[in-house]
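Residue-level structure breakdown
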2 protein chains.
Amino acid sequence: MARKTGSHSDITGPKVRRAAQRLFARHGYAAVSMRRIAAEVGVQAGALYLYTPDKQTLLFDLMRDHLLEVLEAWHAEAAPGGPAERLAALARFHVRFHLERPEEVFIAYMELRSLAPGNFAAIEALRRRYEQEFVAILEEGLAAGAFRLPDVRLAAMAVIAMLTGVTTWYREGGRLSRAEVAQIHADMALRMVQGGG
Amino acid sequence: MARKTGSHSDITGPKVRRAAQRLFARHGYAAVSMRRIAAEVGVQAGALYLYTPDKQTLLFDLMRDHLLEVLEAWHAEAAPGGPAERLAALARFHVRFHLERPEEVFIAYMELRSLAPGNFAAIEALRRRYEQEFVAILEEGLAAGAFRLPDVRLAAMAVIAMLTGVTTWYREGGRLSRAEVAQIHADMALRMVQGGG
DNA sequence: GTCTATACCCTGATAGAC
DNA sequence: GTCTATCAGGGTATAGAC
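Keep in mind it's a predicted model, so treat the numbers as computed, not measured.

As for the overall build of chain A
Secondary structure summary: chain A contains nine helices and zero strands in total. Along the chain direction, N to C, the helices and strands of chain A fall in the order α-α-α-α-α-α-α-α-α. With the C-alpha coordinates aligned to their principal axes, the bounding extent of chain A is approximately 65 × 40 × 35 Å. The burial tally for chain A puts 47% of its 197 residues in the buried class. Accessible area of chain A: about 9,500 Å², with a carbon and sulfur share of 53%. Each charge class in chain A was averaged separately, 25 positive and 22 negative side chains, and the resulting centres sit 6 Å apart.

See below:
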């Protein structure tokens, strides 16, 4: 229920986050000033500090919330099945999710070095948790003889890099739909780990 | 032959480039000031402008020279052979080259958005030329029936993303040598494009 | 070739009026 | 809740001495 007068805290807060997200994704954290974010929102620079203690926290919150959202979305969607089925499902999920949120993804991958040390550690821990989803499936498939891999962690990183790569070239309205792209990538991920090794 | 007095132009110039490369790779273009580059070199900020017209050109030159070097190195190494052999060779080359030059690679991938429009177009053209090396091999293999791909350009981008991913996790002195990592990635690249499609 | 000094603008963040 | 005004510091780039 929208209030009619007084506080805009519940409106301006999200607007600040969205503006920061768009600008950080497009120009990079270091290249974006608080004044520019404020201009995008339609307030003065000082007003931003009602919604975030500082610029660094703005970045950290965006990255943390994105990673928590990825983990939550995957846990909500993950279904039982053999390693091959589960890897294909995770690959499709990863591509779909990343294509639906290009800005969050871009920030999460590009701005790690803009994080203060403590924040960096927290984000890295979340990233590891997500990578572990891939590692676990690969280990299971390896033990079951379904996959052949010389090195599980290397394969996990290679699969993730391949899947994440879509964000660098995919454009809405191209030859292929997001679902088609997701399916093709899931097939490639499976072939990467199923062949001889 | 090092001169003993007077001009240091032939020494300081490369030092400026190397300092910029290290700092841009580590902290990002926008986060690095000319003063900091100068401090790294051991001169005052104003002196940098003897070696570059401005900061933007410093970045552009680093990226252009890196990409020209990649193209030249591959053309010097590329050997005749079937599509599978040539893809494997290109994959090994790509991984090896990228692991040997982590800073240049990092800048080339991360700082595209820091380029002025004209410079961006020039760098993009060079990147396309390199991507085209992959596309050409995949098209040849598809025509020869050696590869099965639903979409050549998508596969090329996926292979490149997978191969380039090594730079995000590989650390010197780990379990695997660079040559081992390159070989494993070449195998994965082949499997990605050879299976059913 | 490098220095100091400086022009001029933008930065993140805060204080206090309204 | 937002504004204006402001702070101290740092940004790129240039001018002119040596």
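On we go from here.
Points about the packing of helix H4 (residues 83-100) of chain B against helix H9 (residues 178-194) of chain B
Residue and element names in this part refer to chain B. As a packed pair, H4 and H9 sit with axes 8 Å apart at the nearest point and diverge in direction by 140°. Accordingly, the angle class assigned to the pair H4 and H9 is oblique. Where H4 crosses over H9, the two elements pack in a sense that is right-handed. Across the interface between the two elements, Ala84, Leu87, Ala88, Ala91, Arg92, Val95, Leu99 and Glu100 from H4 touch Arg178, Val181, Ala182, Gln183, His185, Ala186, Ala189, Leu190, Val193 and Gln194 from H9. Here the residues of the contact of H4 with H9 sort into 12 nonpolar, three polar and three charged.

Describing the interface of chain A and chain B
The partner chain B presents 35 residues to the 35 residues of chain A that form the contact. Approximately 2,700 Å² of surface area, both sides summed, lies buried where chain A meets chain B, with 65% of it carried by carbon and sulfur atoms. On the chain A side of the interface with chain B, the three residues burying the most area are Arg113, Leu154 and Arg191 of chain A, jointly 28% of the side's total. Summed over the shared surface of chain A and chain B, the result is four salt bridges. Taking the shortest distance from any N to any O, the salt bridge between Arg175 of chain A and Asp151 of chain B comes out at 2.7 Å. Applying the counting rule to chain A against chain B returns nine residue pairs in polar contact (both at pLDDT 80 or more). Elements that contribute at least two residues to the side of chain A that touches chain B include exactly helix H1 (9-27), helix H5 (102-110), helix H7 (152-164), helix H8 (166-169) and helix H9 (178-194) of chain A.

Some points on the relation of the copies chain A and chain B
With an RMSD of 0.1 Å, the fit of chain A onto chain B corresponds to turning through 180° and sliding 0.0 Å along the axis. Overall, the copies show the geometry of a two-fold rotation axis. Using C-alpha coordinates, one finds that chain A approaches the rotation axis most closely at Met162 of chain A, a distance of 2.1 Å. In this assembly the copies share their binding face: 100% of the residues contributing to the interface of chain A also contribute to that of chain B.

Brief notes about the environment of Asp151 of chain B
Structurally, Asp151 of chain B can be placed in the loop between helix H6 (117-143) and helix H7 (152-164). The spacing of Asp151 of chain B and Glu139 of chain B is 12 residues in sequence and 9.7 Å in space, taken between C-alpha atoms. Residue contacts for Asp151 of chain B: discarding those within four places in its chain leaves Arg175 and Leu176 of chain A. Within the structure, the side chain of Asp151 of chain B is placed 3.2 Å from the backbone nitrogen of Arg153 of chain B, a separation counted as a polar contact.

Description of the pattern of salt bridges
All told, the structure shown has 29 salt bridges over all chains when counted by the stated rule. In this structure, Glu124 of chain B and Arg127 of chain B form a salt bridge, with 3.0 Å as the shortest nitrogen-oxygen distance. Here Glu124 of chain B pairs with Arg127 of chain B, and both are found in helix H6, just three residues apart, close to one helical turn. The network of salt bridges with shared partners includes Arg17, Asp61, Arg64 and Asp65 of chain A.

Description of the environment of Thr167 of chain B
Residue and element names in this part refer to chain B. Secondary-structure assignment places Thr167 in helix H8 (residues 166-169). Discounting residues that sit within four places of it in the chain, Thr167 has contacts with His98 and Val105. Among the polar contacts made by the side chain of Thr167, one reaches the main-chain carbonyl oxygen of Thr164 at a distance of 2.9 Å.

Concerning helix H3 (residues 55-77) of chain B
Taking 1.5 Å per residue as the helical rise, H3 of chain B with its 23 residues ought to reach 33 Å, and the 34 Å between its terminal C-alpha atoms agrees with that figure. Every buried residue belonging to H3 of chain B is among Lys55, Gln56, Leu58, Leu59, Phe60, Leu62, Met63, His66, Leu67, Val70, Leu71 and Trp74 of chain B, and all of these are buried.

Notes on the confidence of the model for chain A
Averaged over every residue, the pLDDT of chain A is 93; the share at 70 or more is 94%. Predicted confidence for residues 1-6 of chain A stays below pLDDT 50, and this span has one contact to residues more than four positions away or in other chains.

Quick word on the nonpolar core
By size, the foremost hydrophobic cluster in this structure holds 126 residues, and its most contacted members are Ile37 of chain A together with Ile37 of chain B. Excluding its chain neighbours within four sequence positions, the residues that come into contact with Ile37 of chain B are Val16, Ala19, Ala20, Leu23, Phe24, Val32, Leu48 and Leu58 of chain B.

A look at the packing of aromatic side chains
The tally for this structure, following the rule as stated, stands at 10 aromatic pairs over all chains. Aromatic pair Trp74 of chain A and Phe93 of chain A: ring centres 5.4 Å apart, planes at 45°, arrangement tilted. You can see Trp74 of chain A sitting in helix H3 (residues 55-77) and its partner Phe93 of chain A sitting in helix H4 (residues 83-100), a full 19 residues away along the chain. Look at Phe93 of chain A and you get buried, because its relative accessible area is 2%. Plain terms: the ring middles of Phe93 of chain B and Phe97 of chain B are 5.4 Å apart, the flat faces sit at 35° to each other, and that makes the pair tilted.

Rules and cut-offs
Residues numbered from 1 in each chain as written. Chains lettered and ligands numbered in written order. Predicted model: local features only at pLDDT ≥ 70, side-chain atom pairs only at ≥ 80, totals over all residues. Heavy atoms only, no water. Helix = DSSP H or I, 4+ residues; strand = E, 2+ residues; numbered from the N terminus. Buried < 20%, exposed > 50% of the residue type's maximum accessible area, 1.4 Å probe, protein only. Areas by Shrake-Rupley, 256 points an atom, 1.4 Å probe, with all protein chains shown as cover. Lys, Arg positive; Asp, Glu negative; His and termini not counted. Charge placed at Lys NZ, Arg CZ, Asp CG, Glu CD. Axes fitted to C-alpha atoms, helices over the stretch in contact; angles between N-to-C directions. Parallel < 35°, antiparallel > 145°, perpendicular 65-115°, else oblique. Left-handed = near helix turned anticlockwise from the far one by under 90°. Contact = heavy atoms within 4.5 Å. Nonpolar A, V, L, I, M, F, W, Y, C, P; charged D, E, K, R; others polar. Buried area = accessible area lost by both parts, 1.4 Å probe. Salt bridge = Lys/Arg side-chain N within 4 Å of Asp/Glu carboxyl O. Polar contact = N/O pair within 3.5 Å; in protein donor to acceptor, adjacent residues only side chain to side chain. Least-squares fit on C-alpha atoms with pLDDT ≥ 70 in both. Expected span 1.5 Å × (residues − 1). pLDDT = per-residue confidence, 0-100. Core = buried A, V, L, I, M, F, W, Y, C linked by side-chain atoms within 4.5 Å. Phe/Tyr/Trp six-rings, centres within 6.5 Å; stacked < 30°, edge-to-face > 60°.

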